[in-house]
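Chain by chain, the residues run as shown.
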Amino acid sequence: MEHQLCLILNFGGQYNQLIARRVRECGVYCEVKPYNKITIEEIKALAPSGIIFTGGPNSVYGEKAPTVSREIFELGIPVLGICYGSQLMAHVLGGKVSTCITSEYGKTETTYDKSCTLFSAIKDMPEKAVSWMSHTDFISELPEGFTAVAHTEHCPVAAMENKEKKLYAVQFHPEVNHTEYGLGMIDSFLKNVCGCTGDWTMENYAETAIRDIRKKVGDGKVLLALSGGVDSSVLAALLSKAVGRQLTCIFVDHGFMRKNEGDEVEEAFRNWDINFVRVNAKDRFMEKLNGVSDPEAKRKIIGEEFIRVFEAEAKKIGKVDYFAQGTIYPDVIESGDDDEAAVIKSHHNVGGLPDYVDFKEIIEPLRMLFKDETRKLGQELGLSETLVWRQPFPGPGLAIRIIGEITNEKLEILQDADWIFREEIAKAGLDRSIHQYFAVLTDMRSVGVMGDFRTYDYTLALRGVTTTDFMTADFARIPYEVLETCSRRIVNEVKSINRVVYDITTKPPATIEWE
Ligand code: XMP
């Protein structure tokens, strides 16, 4: 079944990804395209059920203001303009946009006309509610055929409607949580204006994706670097369902995974109908890292060595047709380049693409999915909860959680301590609410006393953060009792640790990792 599409035209707004997330939350598939990279003909060919214009930093009268052709409003496709998108709609259709005498930022009391289709179906929505504003221009004169359907103290047209032509615009940001009933408004636009059914589910996505991969790959060979992280694991599962043994997954185990994790990854995939290769390369990595304590040097060495090991293994397979990458939608939107050319995921897991792997083309079957959708897809495909809900883990692994030089002994200490911390967090039911949590083995020793003996051992740091984007983070408020149990168990059960501290810095100024 082909699904209905909502097209989101991106004018550079800071919330463009959020709009896409919300649309999908409403059960409608959507794609974000830069406004200037799609023609009217292409839009017609896509035949979206609706179009949303995002906000953007410009003023419609600015010299290089992004714009659209008037034709877009004449296609008979419903349009919802948000913020800049609303002003653009007004401007292009002959209304007037002016600079506010008083700009509005943040939570703003807004009065809604409840007869407007955007608001009428929202259960219990009052006439007055808070919306999130961020603008210095406003619609001062409506274009012909429109009526104002919301206003605030300083903004006479906080929303406008042309019911007949199915054109809607809101000055505020319905996609932001601070706008009360915002999700309902987006849902109303999609269902009551565009006529979307809201049946975009992972089940039908999986079917479509599997069919598309089969069509593209034919009887070709596919190669995947499997890290055991969420994206590459889900990708492996998807490809396995689509092309089975035409897929080879190479899992380079550098030895810096958490305790038992290398085995867990192998366990998870061993019985799938694919060629699964695990390379135990710990010794090679340890040798290269001997005496190295600088964090960036560690990362560089691990990245490079990873590629060498991967290449050596890939050479054994010979020529493959496709190299699969676990790029997901936020990477695509962020790169701002949604054309067919693959976005090379230059994150540090795999330090760029292996030079000497012989392949024809890159495929990125997850490039249209958000992280939580990727997880849902993984569940749909039968991956275990542990794999699907795995927290983010840096490519260089525990190597950057051992401050200073890495030794086998330190690695073992950290793995054991981290294991206890994770176990206790899970027992306390906090494993989904704390977005990333781990132990760090500091390079510091301090004096302690155990029984009648003086000790001089390592200090272990625990770190737990809550975050939405990992760009900023707050330290997790782990209950003292949980921390107490962790501390007691760690000093008792793990050798060479006599002190446990909890990291209470936010990011910024600290980073999430210690190195
Ligand atoms: P920081 O420490 O910069 O981390 O606040 C932000 C997020 O990125 C992860 N991280 C890495 N991921 N290779 C990775 O693949 C790395 O070298 C690396 N360093 C940090 C970190 O775990 C957090 O999720």
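Computed from a predicted model, the values in this text were never measured in an experiment.

Chemist: When you look at the environment of N58 in this model, what are you seeing that I'm missing?
Modeler: Of note, N58 is situated in the loop between β3 (50-53) and β4 (79-82). Residues N58 and G13, 45 residues apart in the sequence, show an inter-C-alpha distance of 9.3 Å. The residues touching N58, leaving out its near neighbours within four places in the chain, are K64, A65, P66 and Y84.

Chemist: How should the sheet that holds strand β11 (residues 247-253) be read in this particular structure?
Modeler: The strands that make up a sheet are held in pairs by hydrogen bonds between backbone atoms, and each pair lies either parallel or antiparallel. Read across the sheet, five strands follow the order β12-β11-β10-β13-β14 without closing on themselves; strand pairing throughout is parallel. The outermost strands of the open sheet, each flanked by one partner alone, are β12 (275-280) and β14 (361-363). Strand-to-strand twist across the sheet, computed as the mean angle between neighbouring axes with direction ignored, equals 25°. Taken together, the four bridges between strand β10 (residues 222-225) and β11 define a ladder with parallel strand orientation. Bridging across to β11, V222 finds its partner in L247. Sitting on the sheet, helix α6 (residues 202-217) is in contact with β10, β13 (322-324) and β14, with an inclination near 175° to β14.

Chemist: Honestly, the nonpolar core in this entry has me stumped. Any pointers?
Modeler: Buried together is how nonpolar side chains tend to be arranged in soluble globular proteins. V23, F269 and L377 are the most contacted members of the largest nonpolar core, which totals 85 residues. At nine residues, the largest contribution of residues to this core is made by helix α7 (residues 230-243). Looking at this core, you find at least three residues from each of domain 1 (5-193) and domain 2 (202-388). Apart from the residues lying within four places of it in its own chain, the contact partners of L377 are M202, Y205, A206, V234, L238, L366 and L369. Residues V279, I302, L430 and L483 belong to the second largest nonpolar core, which totals 47 residues.

Chemist: Where do I start with the packing of helix α9 (residues 282-289) against helix α10 (residues 295-317) in this structure?
Modeler: Packed helix pairs are characterised by how far apart their axes lie and by the angle those axes make with each other. Running from N to C, α9 and α10 point in directions that differ by 145°, and their axes come no closer than 10 Å. Relative to α10, the crossing made by α9 is right-handed. Touching R284, F285, K288 and L289 of α9 are K298, I301, I302, E305, F306, R308 and V309, all from α10. When the residues that make up the contact of α9 with α10 are grouped by side-chain class, the tally is six nonpolar, no polar and five charged.

Chemist: Quick question: what am I supposed to make of the site of the ligand here?
Modeler: Near the ligand you find 13 residues, and of these R299, Q436, K507, I512 and E513 are the closest. Contact between the ligand and R299: an oxygen atom at 2.5 Å from a side-chain N or O atom of the residue. Taken together, the residues of the shell around the ligand break down into five nonpolar, five polar and three charged.

Chemist: Help me out: how do you make sense of α9 in this one?
Modeler: Since one α-helical turn is 3.6 residues long, residues separated by three or four positions face the same way. All of the buried residues in α9 are F285, M286 and L289. Along the axis of α9, the buried positions cluster into a sector of 100°, meaning they face one direction only. With respect to the buried face of α9, the exposed residues turned more than 90 degrees away are D283 and E287. Two residues or fewer past α9, G291 is found with a positive phi of approximately 80°.

Chemist: Can you help me understand α7 in this one?
Modeler: Between its first and last C-alpha, α7 extends 20 Å over 14 residues, near the 20 Å set by a 1.5 Å rise per residue. Among the 14 residues of α7, 13 are classified as buried, and the element is accordingly described as predominantly covered. Two residues or fewer after α7 comes G244, characterised by a positive phi angle close to 50°.

Chemist: Teacher, can you tell me more about the pattern of salt bridges here?
Modeler: Side chains carrying opposite charge are able to pair once their charged atoms draw close together. This structure, assessed with the given rule, holds 39 salt bridges. Here R70 and E74 are joined by a salt bridge, their closest N and O atoms 3.5 Å apart. Residue R367 pairs with E364 through a salt bridge whose shortest N-O separation is 2.6 Å. Here the two residues R367 and E364 agree in accessibility, since each one is buried. Through salt bridges with shared partners, a single ionic network connects D253, D263, E266, E267, R270 and R278.

Chemist: Please explain the environment of C83 as it appears in this structure.
Modeler: By the element assignment, C83 lies in the loop between β4 and α3 (84-92). Remark: the alpha-carbon pair of C83 and K495, spanning 412 residues in sequence, is separated by 58 Å. When sequence neighbours within four positions are dropped, the list of residues in contact with C83 reads G55, S134, V170, Q171, F172 and H173.

Chemist: Looking at this structure, I do not really get the sheet that holds strand β9 (residues 167-170). What am I missing?
Modeler: Read from one edge to the other, the open sheet built from nine strands follows the order β2-β1-β3-β4-β9-β8-β7-β5-β6, with strand pairing classed as mixed. Whereas interior strands pair on both sides, the edge strands pair on one side only; in this sheet they are β2 (29-34) and β6 (128-141). For this sheet, the mean angle separating the axes of adjacent strands, direction not counted, is 20°. Strand contacts of α3: β3, β4, β5 (96-112), β6, β8 (159-162) and β9, with the helix running at about 120° to β4, the strand carrying the most contacts.

Chemist: Is there a simple way to explain the pairing of β4 in this structure?
Modeler: Each regular strand shows side chains that alternate between the opposite faces of the sheet. Of the two faces of β4, the one carrying V79 and G81 and the one carrying L80 and I82 are both buried. Pairing of β3 with β4 involves three bridges; the strand directions are parallel. Bridging across to β4, I51 finds its partner in V79. As paired elements, β4 and β9 share four bridges and run parallel to each other. Across the sheet, L80 pairs through a bridge with Y168, a residue of β9.

Conventions and cut-offs
- Residues numbered from 1 in each chain as written.
- Predicted model: local features only at pLDDT ≥ 70, side-chain atom pairs only at ≥ 80, totals over all residues.
- Heavy atoms only, no water.
- Helix = DSSP H or I, 4+ residues; strand = E, 2+ residues; numbered from the N terminus.
- Contact = heavy atoms within 4.5 Å.
- Pairing = 2+ DSSP bridges.
- Axes fitted to C-alpha atoms, helices over the stretch in contact; angles between N-to-C directions.
- Core = buried A, V, L, I, M, F, W, Y, C linked by side-chain atoms within 4.5 Å.
- Buried < 20%, exposed > 50% of the residue type's maximum accessible area, 1.4 Å probe, protein only.
- Domains from an automatic or database assignment.
- Left-handed = near helix turned anticlockwise from the far one by under 90°.
- Nonpolar A, V, L, I, M, F, W, Y, C, P; charged D, E, K, R; others polar.
- Near = heavy atom within 4 Å.
- Polar contact = N/O pair within 3.5 Å; in protein donor to acceptor, adjacent residues only side chain to side chain.
- Arc of directions from axis to C-beta.
- Expected span 1.5 Å × (residues − 1).
- Salt bridge = Lys/Arg side-chain N within 4 Å of Asp/Glu carboxyl O.

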